[in-house]
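Below are the chains, spelled out letter by letter.
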Amino acid sequence: MTTDVLILGAGSAGCILANRLSADPARRVTLVEAGGFPTDPDIFDPAMWPMIQRRPYDWDYRTVPQPGTAGRVHHWARGRMVGGSSGLHAMFHLRGHPADFDRWGVMSGDAGWSYDALLPHFRATEGYATETPLHGARGEMPVMIPEAETHPLVRSYIEGWQELGLPRLPDHNGREVIGAAPNALMIRDGRRVTTGEAFLRPVLDRPNLTVITGAEVHRLRIAAGRVTGVEIRTPGGDTVLAAGQVILSMGTIGDPLLLMRSGVGNPGVLAAAGVPCRVERRALGRNLHDHMLGAGVVCRARKPVAPSRLQHSESLAYQSSRGLDVHTGAPDIVVGCVVAPSVSECFPMPAPGETFTLLFGVTHPTSRGELTITGPDLADAPRIDPRYLSTDHDRTAFRAALDRARMVAGTRAMRDWNGGEILPGPGMRDLDAFIQRAAITHHHPVATCAMGASDDAVVRPDLSLRGLDNVSVVDASVIPAIPCGPIHAAVMAIAQKFAAGQG
Ligand SMILES: Cc1cc2nc3c(=O)[nH]c(=O)nc-3n(C[C@H](O)[C@H](O)[C@H](O)COP(=O)(O)OP(=O)(O)OC[C@H]3O[C@@H](n4cnc5c(N)ncnc54)[C@H](O)[C@@H]3O)c2cc1C
């Protein structure tokens, strides 16, 4: 089968690309996805999001043991369904601080990635209730700002930050991010909205769009610096697809794995996995990084904590470790309020309704890891090593974030709620050791195919892959440096910007 554009992966980016690129009826677009259309009703129930991992529609990757987190192995959830990880995520919509994207502009050597240049692409995907110069209302992805639904505990938490001098923001998608606000959410009428629902389902009847589900992309066939065919594995057997243009949208893990299985990458890594090197690209899989959260400062509640009417983790407060009176510029730490108990696997889970949790984390970690293949086949598990908490910067900032979480717990506004700290607990002397055991992924791995101006970078600023003429990479893997907050909004903007550039 031959098509004009073959999009590999129907995740957060892939569904937007399929929508935008098939809008031109003259362009034949084929979208290939390993998973199927989601059918589990739990996926669409916002409150269920922490419970739906490790089900069949989660790739459920594992890291190698992490020296920085007490030798622990971390589970990395990734959606294996139409909509990809937008079917598993916590639905928080936050772009990041403008400085995060201005930095992308510098790193890529292309001002098109600066905040002001990206703003129309952010807005084009957004469906806020009201259009403003900073918020889009005509995009397909609903963005809800909770008001009456906000939990009373979270209201007190936000007041606690105000008491400490942090501003109360309407949401985190203004020009300043430092402050506390209810999380803006990708929810409509009480249901999660995936990119599959928002962008793909409405255009499924386009005659020029073909969607193939249950199909795992195994390898790219490469000849004369181009991809000449894509080997796909389906329950019905193997097949080869061909296209003029191939777009990789399989995410931060899926893209480098496919490229490495196909012979693109670091010759040493490929040789160790038994794959002949066809295209040398040493940076592929490197630069892997992720946000982590400490889970958590857990407090006994003085009164019953009713269940969240949203998705439990209702507010993040971004801030500067330099002081609570710093209200401009990019934040470097964050504290979040979770209405339910939230702890890592190292601690017993407290009973719901009797405790609440303050998560704490670092917005711009400097730890950098690597992802590699271990063999040539789809069944060969990847080696994922984020090298969590391997820099002084990250460990120091984590301590500052933990201190801030304790500060807000001690405010007057929280007095009616806080019945005493359970974790780390007043007797805990070694807070660094606690952090090592409490840190969990915030689920934002990026940068294995990072864009950059230098010839070493995996993709160019236009997201074309260096070394293969007809291949582009469009998803979270191209992010060169993680923005301060959750990255889904940035992934949507990346896909929107790329599609807009295709004419
Ligand atoms: C539990 C969790 C909570 C999160 N919470 C938030 C949040 O609240 N806010 C936020 O902004 N971000 C959040 N994120 C992060 C965000 O969801 C992801 O960063 C984003 O969805 C990534 O988009 P993507 O297009 O790069 O990849 P994905 O959406 O993961 O899409 C990749 C697609 O490729 C498919 N694929 C992979 N390999 C193959 C293959 N070999 N063959 C065929 N198909 C393949 C996958 O099945 C998937 O559909 C969260 C993520 C998780 C997992």
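Residues numbered from 1 in each chain as written. Predicted model: local features only at pLDDT ≥ 70, side-chain atom pairs only at ≥ 80, totals over all residues. Heavy atoms only, no water.

(A) Focus on the UniProt feature "domain: Glucose-methanol-choline oxidoreductase N-terminal" (unreviewed entry) in the protein chain. Taking the UniProt record as the reference, the feature "domain: Glucose-methanol-choline oxidoreductase N-terminal" (unreviewed entry) is found at residues 4-292. The span residues 4-292 is 24% helix and 24% strand, and its two end C-alpha atoms sit 40 Å from each other. (UniProt positions renumbered as here; feature names shortened; annotations may be inferred. Helix = DSSP H or I, 4+ residues; strand = E, 2+ residues; numbered from the N terminus.)

(B) The arrangement of the nonpolar core in detail. Membership of the largest hydrophobic core comes to 131 residues, with the highest contact counts inside it found for L8, Y157, L358 and F360. For L358, the contacting residues outside a window of four places in its chain are Y157, G294, G296, V297, V335, G336, C337, A405, V408 and A409. One finds F92, V334, V338 and L359 within the second-largest nonpolar core, a separate group that totals 11 residues. (Core = buried A, V, L, I, M, F, W, Y, C linked by side-chain atoms within 4.5 Å. Buried < 20%, exposed > 50% of the residue type's maximum accessible area, 1.4 Å probe, protein only. Contact = heavy atoms within 4.5 Å.)

(C) Here's a closer look at the UniProt feature "binding site: FAD" (unreviewed entry) in the protein chain. Annotation from UniProt places "binding site: FAD" (unreviewed entry) at V217. Along the chain, V217 falls in strand β11 (residues 216-223). V217 sits in the buried class, given a relative accessible area of 6%. The residues contacting V217, other than those within four sequence positions of it, are L8, V32, V230, E231, I232, M250, L258, R261 and L378.

(D) Summary view of the side chain of T69. Mapped onto the elements of the fold, T69 is located in the loop between β3 (61-62) and β4 (75-76). Owing to a relative accessible area of 0%, T69 belongs among the buried residues under this scheme. Sequence-distant contacts of T69, defined by excluding residues within four places in its chain, comprise H74, M292, Y388, L389, Q436 and A439.

(E) Quick look at the site of the ligand. Surveying the vicinity of the ligand reveals 37 residues, the closest of which are S12, E33, S85, F92 and H488. Taking A34, its main chain carries an N or O atom lying 3.2 Å from a nitrogen atom of the ligand. Contacts to the ligand include I487, whose backbone N or O atom sits 3.3 Å from an oxygen atom. In isolation the ligand offers 1000 Å² of accessible surface; the protein chains occlude 98% of this area. Counting residues per element, the ones that place at least two in the shell around the ligand are α1 (12-21), β11, α6 (251-261) and α10 (488-500). Among the residues forming the shell around the ligand, the class breakdown is 17 nonpolar, 14 polar and six charged. (Near = heavy atom within 4 Å. Polar contact = N/O pair within 3.5 Å; in protein donor to acceptor, adjacent residues only side chain to side chain. Areas by Shrake-Rupley, 256 points an atom, 1.4 Å probe, with all protein chains shown as cover. Nonpolar A, V, L, I, M, F, W, Y, C, P; charged D, E, K, R; others polar.)

(F) Region of interest: helix α9 (residues 431-438). Every buried residue belonging to α9 is among L431, F434, I435 and A438, and all of these are buried. On an axial view of α9, the arc spanned by its buried residues comes to 100°, and they lie on one face. Looking at the buried positions of α9, the neighbouring elements they touch are β17 (292-301), β20 (355-362), α8 (392-409), β23 (418-423) and β24 (439-441). N-capping of α9 is provided by D430, with a side-chain oxygen placed 3.3 Å from the backbone N of D432. (Arc of directions from axis to C-beta.)

(G) Just the packing of aromatic side chains, in detail. The full count for this structure, using the stated rule, is 10 aromatic pairs. Between the aromatic rings of F101 and F122, the centroid separation amounts to 5.3 Å while the plane-to-plane angle is 70°, which identifies the pairing as edge-to-face. Remark: F122 occurs in helix α3 (residues 115-125) and F101 occurs in helix α2 (residues 98-108); sequence separation between them is 21 residues. Residue class for F122 comes out buried when judged on its relative accessible area of 1%. Ring pairing ties together the aromatic residues F101, W104, W113, Y115 and F122, which thus form one cluster. Its end group placed over the ring of W59, R80 keeps NZ or CZ at 4.2 Å from the ring centre. Taking NZ or CZ as reference, K497 lies 4.4 Å from the ring centre of W113, over its face. (Phe/Tyr/Trp six-rings, centres within 6.5 Å; stacked < 30°, edge-to-face > 60°. Lys NZ or Arg CZ within 6 Å of the ring centre and 35° of its normal.)

(H) Inspection of the pairing of strand β7 (residues 179-182) at higher detail. Neither face of β7 is exposed, since G179 and A181 on one face and A180 and P182 on the opposite face are all buried. Direction of pairing for β7 relative to strand β18 (residues 313-319): antiparallel, over a ladder of four bridges. Note that in β18 the partner of P182 across the bridge is S315. (Pairing = 2+ DSSP bridges.)

(I) Layout of the side chain of N208. Relative to the assigned elements, N208 resides in the loop between α5 (195-200) and β10 (209-212). Taking relative accessible area as the criterion, N208 reaches 10% and is therefore assigned buried. Looking at N208, its side chain comes within polar contact range of the main-chain oxygen of S22, at 3.0 Å. What N208 contacts, discounting residues up to four positions off in sequence, is S22, D24, P25, R27, R28 and V29.

(J) The arrangement of the sheet that holds strand β22 (residues 383-385) in detail. Taken in spatial order, the three strands line up as β16-β21-β22 in an open sheet, and their pairing is antiparallel. Among the strands making up the open sheet, the edge pair consists of β16 (286-288) and β22. Ignoring which end each strand starts from, the neighbouring axes of this sheet average 40° apart. For strand β21 (residues 369-372) and β22, the ladder comprises three bridges, and the chain directions are antiparallel. Each bridged residue has a counterpart across the sheet, and for L371 the counterpart in β22 is I384. (Axes fitted to C-alpha atoms, helices over the stretch in contact; angles between N-to-C directions.)

(K) Representation of the pairing of β20 within the structure. Most of β20 sits out of view: eight of its eight residues are buried. Neither face of β20 is left uncovered, since the one carrying T355, T357, L359 and G361 and the one carrying F356, L358, F360 and V362 both have all their residues buried. Sheet analysis places β17 next to β20, joined by six bridges and oriented antiparallel. Looking at β20, one finds that G294 is bridged to F360.

(L) Unusual backbone geometry, seen in detail. With an omega dihedral of -10°, the bond running from A295 to G296 counts as a cis peptide bond. The topology assignment puts G296 in strand β17. A cis geometry characterises the amide bond from L423 onward to P424, with omega recorded as -5°. Relative to the elements of secondary structure, P424 occurs in the loop between β23 and α9. Its identity is not glycine, yet N287 carries a phi of approximately 75°, on the positive side.

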